[in-house]
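Here's the letter readout for the chains.
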Amino acid sequence: MDIALIGGLAMAFLSIIVSTVMDGNSFGPLIGPSSFVLVFFGALGSAMSSLDKEDLGRIVPSILKSIKGASFDNSATVTMMAQLADVARREGVLALESRLGEIEDEFLKKGTQLILDGVDSERVEETLMIHMEAVGTRHKKMISFHEAVGGYMPTFGMIGTVIGLINMLGNLADPSQLGAGMAVALLTTLYGVIFANMMFLPFASKLKLISDAEQASMQVVLDGILSIQAGMSPQMLVERLESYLPPSEHVGYSDRMAAAA
Amino acid sequence: MDIALIGGLAMAFLSIIVSTVMDGNSFGPLIGPSSFVLVFFGALGSAMSSLDKEDLGRIVPSILKSIKGASFDNSATVTMMAQLADVARREGVLALESRLGEIEDEFLKKGTQLILDGVDSERVEETLMIHMEAVGTRHKKMISFHEAVGGYMPTFGMIGTVIGLINMLGNLADPSQLGAGMAVALLTTLYGVIFANMMFLPFASKLKLISDAEQASMQVVLDGILSIQAGMSPQMLVERLESYLPPSEHVGYSDRMAAAA
Amino acid sequence: MDIALIGGLAMAFLSIIVSTVMDGNSFGPLIGPSSFVLVFFGALGSAMSSLDKEDLGRIVPSILKSIKGASFDNSATVTMMAQLADVARREGVLALESRLGEIEDEFLKKGTQLILDGVDSERVEETLMIHMEAVGTRHKKMISFHEAVGGYMPTFGMIGTVIGLINMLGNLADPSQLGAGMAVALLTTLYGVIFANMMFLPFASKLKLISDAEQASMQVVLDGILSIQAGMSPQMLVERLESYLPPSEHVGYSDRMAAAA
Amino acid sequence: MDIALIGGLAMAFLSIIVSTVMDGNSFGPLIGPSSFVLVFFGALGSAMSSLDKEDLGRIVPSILKSIKGASFDNSATVTMMAQLADVARREGVLALESRLGEIEDEFLKKGTQLILDGVDSERVEETLMIHMEAVGTRHKKMISFHEAVGGYMPTFGMIGTVIGLINMLGNLADPSQLGAGMAVALLTTLYGVIFANMMFLPFASKLKLISDAEQASMQVVLDGILSIQAGMSPQMLVERLESYLPPSEHVGYSDRMAAAA
Amino acid sequence: MDIALIGGLAMAFLSIIVSTVMDGNSFGPLIGPSSFVLVFFGALGSAMSSLDKEDLGRIVPSILKSIKGASFDNSATVTMMAQLADVARREGVLALESRLGEIEDEFLKKGTQLILDGVDSERVEETLMIHMEAVGTRHKKMISFHEAVGGYMPTFGMIGTVIGLINMLGNLADPSQLGAGMAVALLTTLYGVIFANMMFLPFASKLKLISDAEQASMQVVLDGILSIQAGMSPQMLVERLESYLPPSEHVGYSDRMAAAA
């Protein structure tokens, strides 16, 4: 579970509840299943219409992914790259084959395989970058989807409010119903703004954060693979790759190897 | 028929109908031919004014295209490229001529023809990229048109509402008509928002999706053509081109050739 | 006359008139010279303040240009380039001098002159690109001006409405005037939105379309000039330049020369 | 004085006055010192908070600069560059030293000095581009400041209106004051929109125009300096640099030298 | 303390207080703890949900940093680089080791160390740029966070207002409470706009300013390090690096060395 997402949204929902209680307002008038139906399925439908058929099945997993979160341990990656550089330096590039089994990260495995296949440096870079871009493009599609839902929701909220107003204005004969009608009409606007700003826009931001972190992590791997192939020394490799890490994680080659041993 | 577009928009329309019924609102006051005329032809007219004369005839086909959808089987393209690379490797580049008849994709055909003409690599890339950009530019024009219609519609909705309000405010003598006048005035706002968000903006998004997919598909072909011309082995070519595909479609050279046989 | 602009805007104006008649609204309350003065001269003044003194005189011509339209026959340009390439191939580059008189397009003339002057390829490209960019920059200024007018107009519409509301609210003693005062106040909002969306924003879009088409047309000329200078064969040149054209205009070298003969 | 700015804004202010008179509205209710204080100092304060301490002193000069305007005579610059090229061609690059005293433009002086110092071409380009970017960055800061003021002003106008509404709504006991209270409340909204759209946004646009023109002018100098250093002939230099000018100023080398003599 | 931020925001708050007093409005109705809770914790929660867990602890420090400000003395950096260049010129690059202890700036230290390690020029540039980008990316995350808070605040203000309106409209039986209810409802809108425009958006702008200044400062160091490694003379280095400074700080090599001595 992504603590920042869960905690942040919980805090936001609590702030609505607490402030409503403090103002002495009641929650009864804030409950409206019809507003939920209009805002939720309307916005989802309009946003889904722009997806590929194949991507429809990725909506729920992407929501779960944003709730579950993801983290990329770039410092561990640097240590792993240092070990590979060490092997390559001491025993030659082909000795990396023995380590292939230990590598869990798919992207690092692919890069190591390309070195083993004797592919030249420029092609390794191209192939890995095509992979990175393809991954990024697939993620961007889902991020755009959540942003689209978050963008359509206030619009469908307004559609519901205008429909309610038009009906209310046609029945002005009974003015006692005026307030109640307008209250119901406003409910869809409220739902549209709340669901957009407390669900789908945060989902989109979180997915973008995860995607950016994944790209950054792949960039470390790509840089390391090319450096290993170019025969860079493990010490130099660590100094270079640690530039990607925050200053607190600049521990140096010896400490990394000691910690990994 | 593009199931995502049809299904998504159907869900959105249904959500409006269901929620209106749930609220006990009636549909009678929501019907207004004059609002339809203003929003639809007003926005269409303003958006059409920015088109080239030649592109006016492409409006209806582009709507049909977004409804019909389009898909690009990049995996099949990779297999096809592998077969061409196989022929080129075994029998020489000129042997590709015998396969020219089997190629249906215009872009791949053009690329293969350029190889056969003995055009050098840089010029092949330039010529194919000019073609890709020209196709993309033509599509962007239509996408912009649908976005423009979707942008003008709420504006024309507001124009209708303001005209209605001005007329209503001038006739305040009969207050019993006030509500009805305002209800009619609001109808154009409703139509503007609905038609924009449930037709033209989704059309634009879908056309953009199709155009992006087509460009990505052409990119696979371009990359493959240049690799074949450079004499890359079919095995290596498949490894490279599969980077463009989602991981589930990374089946490798042997499986592709077996499946194609 | 640009048929798309004239026809589109006529359709949009008609849709307003037809829908107003259908609703039984009258046009009398929609006429207000003071609203016209405020919206038109206010927005024009604010937008003009950001122009160069020299560009003030280009406002009216730019409006006329957007109404008149402009078209660029890139297919004819390709044929012309093919003829020049033919001459250069058969009689040498210097023989182009005899054709200089027939060339009407200023940009093509300049490029041909540079070849004749024996300027090297890189400098020809630089000089022509400086020219293209300078033309584009001059056009962008006018496009921005029309967009600025279209952006200021709804704002000045709102200024007029707020001024009207403030005056009306200060005279609440006579409630019978309330509606009429508010109707007049709303008129500037209506004018601001109408003039922006049915004049200046479409003007800006049309000018942008013309400018983009001119840049694309210059790109064809630039590419052709460099290819001729590089000694490309007319057949190859046509194949290359036709990539810029829509598929329906890919007629090939022989047909072009036959048609031109 | 920049005639376009002064004339444009005068026209915009006049249009407000004329239309207010035409509607028979009075100016008395439009005067409110408190609204001025809130909108002007509120927006200025919020925008100033994002400036560097050193830049606070540049606010007033930048306003004066936008009012005074600035023009760059690129045609004169081309003539000057042609003369320098002439000297360099005939008497050698070091003879430029004798002309250094006549050069007023700081940027041209710096470039000429770099040539005299015998700095190599690539470094001259780098050094001059660093200078251009540094100038552009300093200008962008002030442009952003004026845009920020123009962006904050309507917001502070709304803050004042909401404060007024809240106070008015708490005193509904005396309905006769309702209209007057709301009129005063609306005044800050009016001031916010007027000051933003008729002062700070036009100031920002004008400063941007001046900055763009200065960059373009520096680009001509940079291009000319590099061409002179590369030993380009004065005739060729004029042909090249005139590409930056509008067609009406393409007068050629001989006419320039004749006019300058 | 950053005087521009503190002074600017103080001026903005004062302008609200002064104008409220001038209008004879009272502050009592402007105080609402429930509105504070909703706007502050709601917006904070929604924005926090998009942060990495690790970055939650950086929120308060980033606010303090924007209040405290930061300045980068690029002129002193140029002098320091001139001294290092002087040492490298006279005693050789390895003599820089003796100066390493005096260097406080981490980035300059890292660059000098890379020179001492004999790393080649291209790798020095790459390593330092990776470091610059990583620093910039970390800062951008916090800037985006403050912008997100500033963006969510008016939205949560509107949520509170709509909740208040819905409750008020459901209790129209007692019209004497109507005004008071609406006044309370509007308070969250006011708080949302004020806290966004007078706290979090200015915080974001100030952090962006600091981050841009830091990047510019690192750019001077990077340029200087590469020039020293390339053996540029101290005089030439000063001339080059002073291009980054405003004209008033172009004092030249001799004055810098004299002042530093």
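All values derive from a computational prediction rather than experimental measurement. (Residues numbered from 1 in each chain as written. Chains lettered and ligands numbered in written order. Predicted model: local features only at pLDDT ≥ 70, side-chain atom pairs only at ≥ 80, totals over all residues. Heavy atoms only, no water.)

**Q** I tried to follow the relation of the copies chain A and chain E on my own but got confused; where do I start?
**A** In this arrangement, two copies of a chain are superimposed by a rotation about an axis accompanied by a shift along the axis. When chain A is fitted onto chain E, the two copies agree to an RMSD of 0.0 Å after a turn of 72 degrees and an axial shift of 0.0 Å. When the rotation and shift are considered jointly, the pair of chain copies conforms to a five-fold rotation axis. (Least-squares fit on C-alpha atoms with pLDDT ≥ 70 in both.)

**Q** What is the right way to read the environment of G32 of chain E from this model?
**A** Take G32 of chain E: it is sitting in the loop between helix 1 (3-22) and helix 2 (33-48). Not counting residues within four places of it along the chain, the set of residues in contact with G32 of chain E comprises L187 and Y191 of chain E. (Helix = DSSP H or I, 4+ residues; strand = E, 2+ residues; numbered from the N terminus. Contact = heavy atoms within 4.5 Å.)

**Q** When you look at the confidence of the model for chain A in this model, what are you seeing that I'm missing?
**A** Regions with low pLDDT should not have their predicted coordinates read in detail. Mean pLDDT for chain A: 91, with 98% of residues reaching 70 or above. Confidence metrics for the complex model read pTM 0.91 and ipTM 0.88. (pLDDT = per-residue confidence, 0-100.)

**Q** In this structure, what is going on with the interface of chain A and chain B? I would like to understand it.
**A** Accessible area lost during the coming together of the parts is what is often quoted as the interface size. In this assembly, 42 residues from chain A lie in contact with 47 residues from chain B. Summed over both partners, the interface of chain A with chain B buries about 3,700 Å², with 70% contributed by carbon and sulfur atoms. On the chain A side of the contact with chain B, S49, I130 and I166 of chain A bury the most area, a combined 16% of that side's loss. At the junction of chain A with chain B, the criterion picks out 1 salt bridge. (Buried area = accessible area lost by both parts, 1.4 Å probe. Salt bridge = Lys/Arg side-chain N within 4 Å of Asp/Glu carboxyl O.)

**Q** Sorry if this is basic, but what is going on with the environment of V21 of chain E here?
**A** Within the element layout of this structure, V21 of chain E appears in helix 1. For V21 of chain E, a relative accessible area of 51% corresponds to the exposed category. (Buried < 20%, exposed > 50% of the residue type's maximum accessible area, 1.4 Å probe, protein only.)

**Q** I keep staring at the interface of chain A and chain E and nothing clicks. Help me out?
**A** Listed by partner, the interface residues are 47 residues for chain A and 42 residues for chain E. Of the roughly 3,700 Å² buried between chain A and chain E, counting both surfaces, carbon and sulfur atoms make up 70%. Summed over the shared surface of chain A and chain E, the number is 1 salt bridge. Across the pair E126 of chain E and R240 of chain A runs a salt bridge whose closest N-O atoms are separated by 2.4 Å. The tally of links between chain A and chain E comes to 8 residue pairs in polar contact (both at pLDDT 80 or more). Among the secondary structure elements, those contributing two or more residues to the side of chain A that touches chain E are helix 1 (3-22), helix 7 (178-229) and helix 8 (234-241) of chain A. Ranked by residue count, the leading element in the side of chain A that touches chain E is helix 7 of chain A, at 18 residues. Looking at the side of chain A that touches chain E, its residues break down into 30 nonpolar, 12 polar and 5 charged. (Polar contact = N/O pair within 3.5 Å; in protein donor to acceptor, adjacent residues only side chain to side chain. Nonpolar A, V, L, I, M, F, W, Y, C, P; charged D, E, K, R; others polar.)

**Q** Before we go on, may I ask you to explain the packing of aromatic side chains in this structure?
**A** The description of an aromatic ring pair uses the distance of the two centres, along with the angle that the planes make with each other. Residue and element names in this part refer to chain A. Scanning all chains against the criterion turns up 40 aromatic pairs over all chains. For the pair F40 and F200, a centre-to-centre distance of 6.0 Å together with 65 degrees between the ring planes defines the contact as edge-to-face. One end of the pair, F40, is in helix 2 (residues 33-48); the other, F200, is in helix 7, with 160 residues separating them in the sequence. Residues F40 and F200 agree in their burial class; the two are buried. Within the aromatic cluster, the residues linked to one another by ring pairs are F36, F40, F41, Y191, F195, F200 and F203. (Phe/Tyr/Trp six-rings, centres within 6.5 Å; stacked < 30°, edge-to-face > 60°.)

**Q** Please explain a nonpolar patch on the surface as it appears in this structure.
**A** There is a patch of nonpolar side chains on the surface, built from L14, I17, V18, V21, M22 and F27 of chain A and spanning about 510 Å² of accessible area. Looking at where I17 of chain A falls in the secondary structure, it is placed in helix 1. (Patch = residues over 30% accessible without salt bridge, like charges linked within 9 Å, V, L, I, M, F, W, Y side chains within 5 Å. Areas by Shrake-Rupley, 256 points an atom, 1.4 Å probe, with all protein chains shown as cover.)

**Q** I would appreciate a short explanation of the domain arrangement of chain A in the present structure.
**A** Residues and elements named next belong to chain A. Domain annotation for chain A reports domain 1 (1-31) and domain 2 (32-261). When each unit is reduced to the centre of its C-alpha atoms, the spacing between domain 1 and domain 2 is 27 Å. On the domain 2 side, the residues contacting the 12 residues of domain 1 number 14 residues. Across the interface of domain 1 and domain 2, roughly 1,000 Å² is buried in total on both sides, 72% from carbon and sulfur atoms. Across the domain 1-domain 2 interface, the total number found is 1 salt bridge. Salt-bridge contacts for K206 lead to D2; the nearest nitrogen and oxygen are separated by 3.0 Å. At the boundary of domain 1 and domain 2, one finds 4 residue pairs in polar contact (both at pLDDT 80 or more). In terms of residue class, the side of domain 1 that touches domain 2 is made up of 11 nonpolar, no polar and 1 charged. (Domains from an automatic or database assignment.)

**Q** Sorry, what's going on with helix 4 (residues 74-91) of chain D here?
**A** One full turn of an α-helix is made of 3.6 residues, so residues set three or four places apart face in the same direction. Residue and element names in this part refer to chain D. Here helix 4 contains 18 residues, and its C-alpha end-to-end distance of 25 Å stays within 8% of the 26 Å for a straight helix at 1.5 Å per residue. Burial of helix 4 is extensive: 13 of the 18 residues sit out of reach of the surface. Count one or two residues on from helix 4 and you reach G92, which has phi positive near 95 degrees. (Expected span 1.5 Å × (residues − 1).)

**Q** Please clarify how the pattern of salt bridges should be interpreted in this entry.
**A** Side chains that differ in charge, positive against negative, can pair when their charged atoms come close. All names here are of chain A. Summed over the entire model, instances satisfying the criterion amount to 55 salt bridges over all chains. Between D212 and K208 there is a salt bridge, with its nearest N and O atoms 2.9 Å apart. You can see D212 and its partner K208 sitting in helix 7, 4 residues apart, about one turn around the helix. Owing to a relative accessible area of 41%, D212 belongs among the partly exposed residues under this scheme. Looking at K208, the relative accessible area reads 40%, which means it is partly exposed. When salt bridges that share partners are traced, they join D52, D55, R58 and K141 into one network.

**Q** Which parts of the structure should I look at to understand the side chain of S15 of chain C?
**A** Turning to its location among the elements, S15 of chain C is positioned in helix 1 (residues 3-22). Dropping the residues within four chain positions of it, S15 of chain C is found in contact with V37, L38, F41 and G42 of chain B.

**Q** Explain the packing of helix 4 (residues 74-91) of chain C against helix 7 (residues 178-229) of chain C to me, please; I cannot follow it from the model alone.
**A** For any two helices packed against each other, the geometry comes down to the angle between their axes and how far apart the axes lie. All names here are of chain C. Direction vectors running N to C along helix 4 and helix 7 enclose 10 degrees, while the axes themselves pass 10 Å from each other. It follows from the interaxial angle that helix 4 and helix 7 lie roughly parallel. Once helix 4 is placed against helix 7, the crossing between them reads as right-handed. Residues N74, T77, V78, M81, L84, A85 and A88 of helix 4 form the contact with helix 7, whose own contacting residues are S217, V220, V221, G224, I225 and I228. (Axes fitted to C-alpha atoms, helices over the stretch in contact; angles between N-to-C directions. Parallel < 35°, antiparallel > 145°, perpendicular 65-115°, else oblique. Left-handed = near helix turned anticlockwise from the far one by under 90°.)

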